[in-house]
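Examination of the molecular architecture
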Amino acid sequence: MTAELLDGKSIAEDIRSKVKIEVENRVKKGKSVPGLATLLVGENPASQVYVRSKHKACQEAGILSFGYDLPATASQEDVENLVKQLNQDPKIHGILVQLPLPSGLDEERVLNMISIEKDVDGFHPLNIGRLAQKGRDPLFIPCTPAGTMYLIEKVMPKIEGKNAVVLGRSNIVGMPVALLLVRANATVTICHSRTKNLPEVIRQADILVAAVGKPEMVKGDWVKPGAVVIDVGINRVDDPTQKRGYRLVGDVDFDEVKEVAGVITPVPGGVGPMTIAMLLTNTLRAAELADK
Ligand code: NDP
């Protein structure tokens with residue numbers, strides 16, 4: 001069996017075109033242009049690439065973007081003062097602090113300071129707390145988990161009652177994905193580095209989300225035939241045949257798993273583009289919240 005390929009790139013492009021139209025419509029009505037501020041501390045090359053691609057995506061969607069870069073030597077106070085300033089700035093509807101922050105900075109305190117109405121990354125403890133509580137709704141859902149759910153819902157209209165396994169329990173991916181699946185009434189198992197009999201647990205999954213950061217870890221015989229497999233992982237592996245010397249692979253052994261799964265996302269071109277599409281959606285939503 002060969003799995004259906006779930007093309008995150010084209011789904012993300014659709015979402016981005018819709019955001020663009022909505023931005024144009026609101027501006028025509030005299031409403032504000034949505035604005036996103038990114039805050040990058042230090043010179044982590046991967047973070048610089050991510051931030052650049054977020055600005056480019058904003059530009060294409062007609063969203064204003066403002067880049068704030070602080071040196072790696074910035075103090076906790078410098079970062080907090082900047083967040084306070086951005087909270088007050090009416091041109092800025094969304095604030096994104098690019099993680100990880102350099103060591104020595106208190107990430108939790110910084111995220112806590114972002115106004116929840118501008119928390120387009122959805123990492124404010126209040127937004128995450130609401131995500132975890134029954135009957136409460138966060139203002140924003142973190143972008144990668146939201147993109148992951150969007151893809152699952154696209155191919156599985158009824159998630160209720162399905163067995164879902166989330167491999168990974170990080171604050172930014174695994175845990176919020178698991179919370180979203182619970183909210184969609186799946187029966188959720190969260191696996192991590194201390195999980196025993198991992199392949200056996202994963203084989204129960206109708207929906208598998210892999211967010212572990214280990215190249216091609218999930219093998220074909222770990223997967224239930226017909227499962228929906230969402231591969232969040234982005235890992236560099238050496239590849240001398242490539243000009244840049246490496247290629248990107250997911251946490252799932254794509255060649256093996258595509259022969260067993262019902263649906264699979266590629267890496268690259270799966271969850272990655274969805275993350276940016278969700279950031280634009282959240283920034284538009286933040287501008288709409290500010291209208292009220
Ligand atoms: P983290 O390193 O923060 O978390 C990894 C999780 O995997 C942890 O919960 C860890 O368990 C678990 N884990 C590690 N080793 C094993 C193992 N051998 N068996 C079982 N579980 C294990 O990673 P992130 O969540 O930040 O990222 C995961 C992947 O997703 C990475 O490849 C990252 O690049 C990618 N990513 C992709 C994004 C996108 O836009 N597509 C966005 C963000 C991340 P424990 O908690 O016990 O340590």
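Just above, that's the structure.
Further remarks concern the pairing of strand 3 (residues 64-70). Across seven bridges, the pairing between strand 2 (residues 35-41) and strand 3 is parallel. Opposite leucine 40, over in strand 3, you have aspartate 69 as the bridge partner. Taking the sense of rotation as the criterion, the β-α-β connection linking strand 2, helix 2 (residues 45-61) and strand 3 turns out right-handed.

A separate point is the nonpolar core. In terms of nonpolar packing, the biggest core is built from 48 residues, with Val19, Ile152, Ile159, Leu181, Ile207, Val209 and Ile230 touching the most fellow members. Those elements that place two or more of their residues in this core are helix 1 (8-28), helix 2, helix 6 (143-155), strand 5 (163-167), helix 7 (174-183), strand 7 (207-210), strand 8 (228-231) and helix 10 (271-291). The two domains that each donate at least three residues to this core are domain 1 (31-115) and domain 2 (143-272). When sequence neighbours within four positions are dropped, the list of residues in contact with leucine 181 reads Met149, Ile152, Ile159, Ala164, Val166, Ala186, Val188, Ile207 and Val209.

Across the sheet, six strands lie side by side as 1-11-8-7-5-6; this open sheet has parallel pairing. Edge strands, defined here as strands with exactly one partner in the open sheet, are strand 1 (4-5) and strand 6 (187-191). In the sheet, strand 5 pairs with strand 6 via five bridges, with the strands oriented parallel. Following the sheet pairing, leucine 167 is matched in strand 6 by cysteine 191. Its contacts with the sheet place helix 6 against strand 1, strand 7, strand 8 and strand 11 (263-264), and it is angled at close to 160 degrees to strand 8.

The next subject is the pairing of strand 8. Along strand 8, one buried face is formed by Val228 and Ile230 and the opposite face, lined by Val229 and Asp231, is buried too. Sheet topology places strand 7 next to strand 8; four bridges connect them, and they run parallel. Paired with isoleucine 207 across the strands is valine 228, a residue of strand 8. Sheet topology places strand 8 next to strand 11; two bridges connect them, and they run parallel. Bridge pairing in strand 11 links valine 228 to valine 263.

Its 13 residues give helix 6 an end-to-end C-alpha distance of 19 Å, which sits within 8% of 18 Å, the value for a rise of 1.5 Å per residue. For helix 6, every residue scored as buried is listed here: Cys143, Thr144, Pro145, Ala146, Gly147, Thr148, Met149, Leu151 and Ile152. Where helix 6 is buried, its residues meet helix 1, helix 7, strand 7, strand 8 and helix 10.

Moving on, we come to the packing of aromatic side chains. A complete count under the given rule lists zero aromatic pairs for this structure. Against the face of phenylalanine 66 rests lysine 91, its NZ or CZ located 5.8 Å from the ring centre. Here the basic side chain of arginine 236 rests over the ring of tyrosine 246, its NZ or CZ set 4.1 Å away from the ring centre.

Reading the values: the criteria
Residues numbered from 1 in each chain as written. Predicted model: local features only at pLDDT ≥ 70, side-chain atom pairs only at ≥ 80, totals over all residues. Heavy atoms only, no water. Pairing = 2+ DSSP bridges. Helix = DSSP H or I, 4+ residues; strand = E, 2+ residues; numbered from the N terminus. Right-handed = clockwise from strand over helix to strand, strands pointing away. Core = buried A, V, L, I, M, F, W, Y, C linked by side-chain atoms within 4.5 Å. Buried < 20%, exposed > 50% of the residue type's maximum accessible area, 1.4 Å probe, protein only. Domains from an automatic or database assignment. Contact = heavy atoms within 4.5 Å. Axes fitted to C-alpha atoms, helices over the stretch in contact; angles between N-to-C directions. Expected span 1.5 Å × (residues − 1). Phe/Tyr/Trp six-rings, centres within 6.5 Å; stacked < 30°, edge-to-face > 60°. Lys NZ or Arg CZ within 6 Å of the ring centre and 35° of its normal.

These figures capture arrangement, not role.
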